[in-house]
Amino acid sequence: MGRVALVTGASSGLGKGLARELAVKGYDLVLVGRRRETLEELAGELKGKYNVDAWAIDQDLSDLGKISELVGKVKNLGVKVNVLVNNAGMGIYGPLSELNETDIVRVVNLNYIAPILLIKGFLGDLAGERGCVVNVTSLAAHIPVPWFGIYTSTKAALANITDALRIELKPLGIRVIGVYPGYMRTNFHNNTIVSPTALRAREGPMGPVMDPTYVARRIAEKIDDPNFNGDVVPGFTYRVAGSLIRPLYPLIRRYVDRWFNRRYREIMGSMQV
Ligand SMILES: NC(=O)c1ccc[n+]([C@@H]2O[C@H](COP(=O)([O-])OP(=O)(O)OC[C@H]3O[C@@H](n4cnc5c(N)ncnc54)[C@H](OP(=O)(O)O)[C@@H]3O)[C@@H](O)[C@H]2O)c1
């Protein structure tokens, strides 16, 4: 049996692209998401095209009580997970007063707690030769975005624990890679939970729109490089922007404050008409 990668959120977007790129490199795949049929279709495609093994497991990862069940299901397949990609994620956008409590908890569980429980669940598998964890966070993790703060803070928390675990798990031979994408052309934006007011205020991308296949290829290259143990910021423009966020943080915060107040007044004004 070859090396095995478990990819969460493999039924679309970046996760689907990454599953394909890893299959090209000969990895067997465990594909996780909620849509069983889509995952099974992808498993069939990977087995047929790339001659690898692939299994589909449908699981709602925001249901934290079921994570140990998922770990058990994977062990029952008789495979050891060498690469764990925590990619599944969801956005939530709107004024705090309008957001539903259940939705908030679901997003925090999916984006932040589930990755931690999965890493813990597969530690035994990963602690061997060339074990690798990949956490997909976001460039937005480092920016204060009003109405989007629940999502961005889950990604900031994931970024923080990614850095901590990179140091903590190094003695076990486990690499921990953080991925910081900018705007990608995926279903993420349509799947984001949006409150009624925020629906009127949605804006287009604030940077270049990246193809998820391009991003997936950059990540797969790093997973396959046994000497790489760091962060991936795909795309030149986003790499430059990413390197400027920390030094310019006070300016960025002031800019966002002004921009939001202007935008907020426009939206509220238009709603009173
Ligand atoms: N697109 C962007 O611009 C962008 C930018 C920065 C970071 N990101 C991050 O990139 C990652 C991948 O997102 P994407 O852009 O590829 O979006 P996407 O096309 O919407 O894919 C999200 C994936 O997550 C899975 N998922 C959602 N909720 C789930 C749940 N409760 N349990 C299990 N799986 C769940 C979905 O599968 P099912 O529907 O089958 O469950 C889907 O496969 C996310 O972590 C996102 O935050 C995206």
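Parameters at a glance
- Residues numbered from 1 in each chain as written.
- Predicted model: local features only at pLDDT ≥ 70, side-chain atom pairs only at ≥ 80, totals over all residues.
- Heavy atoms only, no water.
- Helix = DSSP H or I, 4+ residues; strand = E, 2+ residues; numbered from the N terminus.
- Rg over C-alpha atoms; globule rule 2.2 N^0.38 Å.
- Buried < 20%, exposed > 50% of the residue type's maximum accessible area, 1.4 Å probe, protein only.
- Areas by Shrake-Rupley, 256 points an atom, 1.4 Å probe, with all protein chains shown as cover.
- Pairing = 2+ DSSP bridges.
- Right-handed = clockwise from strand over helix to strand, strands pointing away.
- Phe/Tyr/Trp six-rings, centres within 6.5 Å; stacked < 30°, edge-to-face > 60°.
- Patch = residues over 30% accessible without salt bridge, like charges linked within 9 Å, V, L, I, M, F, W, Y side chains within 5 Å.
- Salt bridge = Lys/Arg side-chain N within 4 Å of Asp/Glu carboxyl O.
- Expected span 1.5 Å × (residues − 1).
- Contact = heavy atoms within 4.5 Å.
- Near = heavy atom within 4 Å.
- Polar contact = N/O pair within 3.5 Å; in protein donor to acceptor, adjacent residues only side chain to side chain.
- Nonpolar A, V, L, I, M, F, W, Y, C, P; charged D, E, K, R; others polar.
- Axes fitted to C-alpha atoms, helices over the stretch in contact; angles between N-to-C directions.

Visitor: What exactly am I supposed to notice about the overall build of the protein chain here?
Guide: Across its full length, the protein chain holds 11 helices and 9 strands. In terms of overall size, the protein chain behaves like a compact globule, its C-alpha atoms giving a radius of gyration of 19 Å where 273 residues would be expected to give roughly 19 Å. Its C-alpha atoms put the protein chain at 65 × 40 × 30 Å along the principal axes. Put simply, the protein chain has 273 residues, and 49% of those count as buried. Approximately 13300 Å² of the protein chain is accessible, and the part contributed by carbon and sulfur atoms is 53%.

Visitor: What exactly am I supposed to notice about the pairing of strand β1 (residues 4-8) here?
Guide: Here β1 lies mainly inside the structure; 5 of its 5 residues are buried. Bridge count for β1 against strand β2 (residues 28-33) is 5 bridges, and the pairing is parallel. By the bridge assignment for β2, Val7 is matched with Leu31. Note on the crossover from β1 through helix α1 (residues 13-24) to β2: the handedness is right-handed. Sheet topology note: the β1/strand β4 (residues 83-86) ladder contains 3 bridges and is parallel. Looking across to β4, one finds that Val7 is bridged to Val85.

Visitor: What am I meant to see in the packing of aromatic side chains here?
Guide: The relative placement of two aromatic rings is captured by the distance of their centres and the angle of their planes. Summed over the entire model, instances satisfying the criterion amount to 7 aromatic pairs. Here Tyr93 and Trp147 contribute two aromatic rings whose centre-to-centre distance is 6.1 Å and whose plane-to-plane angle is 65°, an arrangement assigned as edge-to-face. Note that Tyr93 is positioned in strand β5 (residues 92-93) and Trp147 in the loop between β6 (131-136) and α6 (149-169), a separation of 54 residues in sequence. On the basis of relative accessibility, which here comes to 14%, the residue Tyr93 falls in the buried class. Seen in terms of ring centroids, Phe260 and Tyr264 are 5.6 Å apart; in terms of plane orientation they differ by 40°. Their pairing is tilted. Of this pair, Phe260 and Tyr264 both sit in helix α11 (residues 249-272), 4 residues apart, roughly one helical turn. Taken together, the aromatic side chains of Tyr93, Trp147, Phe148, Tyr151, Phe188, Phe260 and Tyr264 make up a single cluster linked through ring pairs.

Visitor: How do you make sense of a nonpolar patch on the surface when you look at a structure like this?
Guide: Together, Phe236, Val240, Leu244, Leu248 and Leu251 line one region of the surface with nonpolar side chains, adding up to about 460 Å² of accessible area. Looking at which element gives the most residues to the nonpolar patch, the answer is helix α10 (residues 236-245), with 3 residues.

Visitor: Explanation requested: α1 in the structure shown.
Guide: Turn by turn, an α-helix covers 3.6 residues, leaving residues three or four places apart pointing in a common direction. The end-to-end C-alpha distance of α1 is 17 Å, a good match for the 16 Å that 12 residues give at a rise of 1.5 Å each. Of the residues making up α1, those classed as buried are Leu14, Gly15, Gly17, Leu18, Ala19, Glu21, Leu22 and Ala23. Residues of α1 that are buried make contact with β1, β2, α2 (36-50), β4, β6 and α9 (212-223). Just past α1, the residue Gly26 takes up positive phi, approximately 95°.

Visitor: Help me out: how do you make sense of the site of the ligand in this one?
Guide: The full set close to the ligand counts 31 residues, and Ser11, Arg34, Asn87, Tyr151 and Thr186 are the nearest of them. A distance of 2.7 Å separates an oxygen atom of the ligand from a polar side-chain atom of Ser12. In this structure, Lys155 approaches the ligand through a side-chain N or O atom, which is 2.9 Å from an oxygen atom. Looking at which element gives the most residues to the shell around the ligand, the answer is helix α7 (residues 188-191), with 3 residues. Within the shell around the ligand, the residues separate by chemical class into 11 nonpolar, 16 polar and 4 charged.

Visitor: I would appreciate a short explanation of the sheet that holds strand β9 (residues 231-232) in the present structure.
Guide: Sheet strands associate in pairs through backbone hydrogen bonding, adopting either a parallel or an antiparallel arrangement. With parallel pairing, the 7 strands of this open sheet are ordered in space as β3-β2-β1-β4-β6-β7-β9. With one partner strand each, in any of the chains shown, β3 (54-58) and β9 form the two edges of the open sheet. Pairing between β6 and strand β7 (residues 174-179): 6 bridges, direction parallel. Residue pairing across strands places Asn135 opposite Gly178, the latter belonging to β7. Along the sheet, α2 contacts β2 and β3; its crossing angle with β3, the most-contacted strand, is approximately 175°. Helix-sheet contacts for α6 involve β6, β7 and β9, and the interaxial angle to β7 is about 155°.

Visitor: How do you make sense of unusual backbone geometry when you look at a structure like this?
Guide: In most cases, non-glycine residues show a negative phi, while peptide bonds are predominantly trans. The phi torsion at Asn51 lies on the positive side, around 60°, for a residue other than glycine. Relative to the helices and strands, Asn51 resides in the loop between α2 and β3. By relative accessible area, Asn51 is classed as exposed at 71%. One non-glycine residue, Trp147, lies in the positive phi region at around 75°. Overall, the relative accessible area of 12% leaves Trp147 in the buried class.

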